[in-house]
Amino acid sequence: MRASILSRVAILAGFAVALPHLFACLAHPVKPVQYDSAAAGDVGIALAINKDVDILFVIDNSGSMGEEQQRLSGNFGSFIDVLEADDVKANYRMAVTTTDFGNPRCTPDNFPRPANQGRFALDSCRNRIGADGGRNDFVFAPEMIDATAACTDFCDQGVHDALQGEWRPTSIEQDSSEEARFWIENIEGQLNLPSGVEAAASGLGISAANAAFRCLGPQGINGCGFESQLESMWWALARAEQEGEVNYGFLRDAAILSIVHVTDEADCSFQTAQQNIFLDLNNQWSWEEGASSPTSAVCWNAGVECDGAAPGPYTSCRTVNKDINGGTLADDGSEDAKAVLIPLDKYIQQINAIEQEKKMIDQNQEVLVSIIGGVPEGYETMQAEIPYIDNPDQAEQIKFGIGPGCTSGDGGSAIPPVRMRDFAEAFAVDGERNLFSICSASYSAALDAIANKIRDQIKPACFKACVADSDPETEILEPECTLVEENAATGDQTPIPECGFDPDLGELVPPPGATACFVYRIDNPASPLTPSTLDDMQAECLDAGWNLEFTLVRNSAAKAGSSVTATCVLSDLVQRDCPNL
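The following paragraphs examine the structure supplied in this document. Keep in mind it's a predicted model, so treat the numbers as computed, not measured.

Brief notes about the state of the cysteines
Point 1. For the coordinates displayed, the defined rule picks out 10 disulfides.
Point 2. A sulfur-sulfur separation of 2.1 Å characterises the disulfide bridge that pairs Cys466 with Cys578. Taking the sign of the S-S torsion, about 105 degrees here, the bridge from Cys466 to Cys578 comes out right-handed. Here Cys466, found in the loop between helix H12 (444-457) and strand S19 (481-486), pairs with Cys578, found in the segment after helix H14 (574-577); they are 112 residues apart in sequence, far enough to count as distant.
Point 3. Residue classification places Cys578 among the buried residues on the basis of a relative accessible area of 2%.
Point 4. In this model, Cys499 is linked to Cys517 through a disulfide, with the two sulfur atoms separated by 1.9 Å. Of note, the bridge from Cys499 to Cys517 carries an S-S torsion of about 90 degrees and is right-handed in sense.

Now the structure itself:
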């Protein structure tokens, strides 16, 4: 046997996809190890593949968002189909909150629905369309707007009825006890949706998660029109860490985090200490000419500064911090407490902190931020730029302080999201734009692109060392590895066998008595040495020159925190066994 080095690789088993789907094993990463064929002794290597995804949708529920919520529901299949594709099978959680954090201008008299303030919402929209005299979140009384179709066009009655049933209880990392949660969850192929949803969705020809989101995603249009997109996001993530909150436990330590904002207005996340700007009739510097009271224009004028003379077009616009008297504050943080709107640093620091914690597990992981907002179509591909120009319609200029960043074919429009843009671009991956037009007639392309960014974060489990061939006389690699699963709570260790193939099912299955098994992926599909595709390595592993990849197959869910250790014999003839390394 041509080998001298044993490599022990810790792989988190909690990210396995349930049978019949395969999962490239996740390791608890530390730092990549530079392989050295001359090394001796045990070599600790961390493989990083993560199929856990936590997705937070922050959905604008103000009076102008009926058509936009309708399009989001109707096009949601473009998002979930990517995550549920056979070659992805993400273990996802999806939660929804709204942009309503409250505002002094939004009193209980004119906005009776309590502000979410970042709390997750999990209630079918058909429960909120005024049926049987109940509340109707889809009518905006001040402007006589009825957006009931935003719910009923895509929320199937049968799916709605099924969603009233008991949700399957699940556990969280902080607590192994099982409870019903305030999010949609699909872990190892097991959905937490009530029984009956899958059957109802099957009748529609769509996935259960898609059908459920069509009912749970629409949030109505009677939320506060002074939207606090960023503050709602901040509190949604903060509440996920606070025991007793409905959000608690949503965030998983190693999961990919994707945040998706869907909004047609500027961010108005304000500081409570400066809230008098929305009440005091003497602070008219933030109003537009002709206004008789504070409007959403305050949110623009207190948080954005543009270059050029009115009425524009302005050459550029950027985030600034202004005090209650209109003075521009220092951008070094020393005067942040005086700012009318909460400085962006608060939100950037929160996401950076989450990202850094995740990088301690997987150094390549990035938090993904996306905006479907007031930018023109083609902005994400740099084929269009955001227009900054005052609105020639005085009534609209008084309302918002600026003209639209985009307009839709049905006459709708959206405000340029300058603060949102500056926040999102702080987390742009590879310099790519992560803002999409809310004025588009379809969100399919945007949702597909957002989901594929998540997909790009899911990496195969390349064994990042050159594994020895125990029988060099045969063409195909024959590795020697053993896998053991350890339960962190009890310390119990269980050997994991290789998978068998059930010809009746046409699937890889664990041997009798085992709940998990592993598969070697050792073949190059470009020049296959075996007829099966089940042992094909993925391109990322092959391109790096490695010669082994693992797949873990489960027929039941692994407990949170379970880990698998793989011990493989490494080659001392790297040029032969890994010629491209």
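What to know about the packing of helix H7 (residues 229-239) against helix H11 (residues 418-425)
Point 1. Packing of H7 against H11 brings their axes to within 10 Å, and their N-to-C directions diverge by 45 degrees. In this view, H7 runs oblique relative to H11, as classed from their interaxial angle. Between H7 and H11, the residues in contact are Gln229, Leu230 and Met233 and Arg419, Met420 and Phe423, respectively.
Point 2. Residues belonging to the contact of H7 with H11 are distributed by class as follows: four nonpolar, one polar and one charged.

Some thoughts on the pairing of strand S12 (residues 256-262)
Point 1. Within S12, seven of the seven residues are buried, which leaves it mostly tucked inside the rest of the structure.
Point 2. Residues of S12 alternate between two faces, with Ile256, Ser258, Val260 and Val262 on one and Leu257, Ile259 and His261 on the opposite face, all of them buried.
Point 3. Looking at chain direction, S12 and strand S15 (residues 368-373) are connected through five bridges and run parallel. The residue bridging Ile259 from the neighbouring strand is Val369, located in S15.

Some thoughts on helix H5 (residues 197-204)
Point 1. Those residues of H5 lying buried are Val197, Ala200 and Ala201. Here the buried residues of H5 occupy an arc of 100 degrees about the axis, which is enough to place them on one side. Exposed residues lying more than 90 degrees from the buried face of H5 are Glu198, Ala199, Ser202 and Gly203.
Point 2. Of the surrounding secondary structure, the elements contacted by the buried residues of H5 are helix H4 (157-163) and helix H6 (208-216).
Point 3. Gly205, located one to two residues past H5, shows a positive phi value of around 75 degrees.

Comments concerning the nonpolar core
Point 1. Counting 77 residues, the largest nonpolar core has Phe57, Phe79, Tyr92 and Met94 as its most contacted members.
Point 2. Setting aside residues no more than four positions away along its own chain, Tyr92 makes contact with Val53, Ile55, Ile80, Leu83, Glu84, Ile184, Glu185, Asn186, Ile187, Leu191, Ala209 and Arg252.
Point 3. Counting 43 residues, the second largest nonpolar core, distinct from the first, contains Leu56, Tyr314, Ile351 and Val367.

Regarding the sheet that holds strand S10 (residues 184-187)
Point 1. Strand order in the open sheet formed by seven strands is S11-S10-S5-S4-S12-S15-S18, with mixed pairing between adjacent strands. Only two strands of the sheet have a single neighbouring strand rather than two, namely strand S11 (190-191) and strand S18 (435-437).
Point 2. Pairing of strand S4 (residues 52-59) with strand S5 (residues 91-98) involves eight bridges; the strand directions are parallel. Looking at the pairing, Val53 lines up with Tyr92 of S5.
Point 3. Sitting on the sheet, H6 is in contact with S4, S5, S10 and S11, with an inclination near 165 degrees to S10.

Digging into unusual backbone geometry
Leave glycine aside and you will find that most residues have negative phi; peptide bonds, for their part, are mostly trans.
Point 1. Between Ala310 and Pro311 the backbone carries a cis peptide bond, its omega angle lying at 5 degrees.
Point 2. Position of Pro311 relative to the elements: it lies in the loop between strand S13 (304-307) and strand S14 (316-319).
Point 3. Each neighbour pair has its own omega, and for Gly312 with Pro313 the value is 5 degrees, a cis peptide bond.
Point 4. One can find Pro313 in the loop between S13 and S14.
Point 5. Located in the positive-phi region is Gln117, a residue other than glycine, with phi close to 50 degrees.
Point 6. Here Gln117 lies in the loop between S5 and strand S6 (139-140).

Re H7
Quick reminder: α-helices carry 3.6 residues per turn. Residues three or four places apart thus point the same way.
Point 1. The buried fraction of H7 amounts to nine of the 11 residues, a majority that puts the element mostly inside the structure.
Point 2. Along H7, the positions that sit buried rather than exposed are Gln229, Leu230, Glu231, Ser232, Met233, Ala236, Leu237, Ala238 and Arg239.
Point 3. Tucked inside the fold, the buried residues of H7 contact S4, S5, S12, helix H9 (345-359) and H11.

Observations regarding the environment of Asp156
Point 1. Counting through the fold element by element, Asp156 comes out in the loop between helix H3 (149-152) and H4.
Point 2. Asp156 gets classed as partly exposed once you look at its relative accessible area, which sits at 26%.
Point 3. Taking the C-alpha atoms as reference points, Asp156 and Arg214, 58 residues apart in sequence, are found 8.0 Å from one another.
Point 4. Each residue touching Asp156, except ones within four places of it in the same chain, is listed here: Arg126, Leu204 and Cys215.
Point 5. A distance of 2.9 Å separates a polar side-chain atom of Asp156 from the backbone nitrogen of Gly158.

Things to note about the pattern of salt bridges
Point 1. Tallied over the full model, the rule gives 22 salt bridges.
Point 2. Linking Arg252 and Asp54 is a salt bridge whose minimum nitrogen-to-oxygen distance equals 2.7 Å. Highlighted residues: Arg252 in the loop between H7 and S12 and Asp54 in strand S4, separated in sequence by 198 residues. With respect to class, Arg252 is no different from Asp54; both count as buried.
Point 3. A salt bridge links Glu432 to Lys453, with the nearest nitrogen and oxygen atoms 2.5 Å apart. Taken together, the residues span a long stretch of sequence, with Glu432 in the loop between H11 and S18 and Lys453 in helix H12 at a distance of 21 residues.
Point 4. By relative accessible area, which is 39% here, Glu432 ends up partly exposed.

What counts as what
Residues numbered from 1 in each chain as written. Predicted model: local features only at pLDDT ≥ 70, side-chain atom pairs only at ≥ 80, totals over all residues. Heavy atoms only, no water. Disulfide = S-S within 2.5 Å. Helix = DSSP H or I, 4+ residues; strand = E, 2+ residues; numbered from the N terminus. Buried < 20%, exposed > 50% of the residue type's maximum accessible area, 1.4 Å probe, protein only. Axes fitted to C-alpha atoms, helices over the stretch in contact; angles between N-to-C directions. Parallel < 35°, antiparallel > 145°, perpendicular 65-115°, else oblique. Contact = heavy atoms within 4.5 Å. Nonpolar A, V, L, I, M, F, W, Y, C, P; charged D, E, K, R; others polar. Pairing = 2+ DSSP bridges. Arc of directions from axis to C-beta. Core = buried A, V, L, I, M, F, W, Y, C linked by side-chain atoms within 4.5 Å. Polar contact = N/O pair within 3.5 Å; in protein donor to acceptor, adjacent residues only side chain to side chain. Salt bridge = Lys/Arg side-chain N within 4 Å of Asp/Glu carboxyl O.

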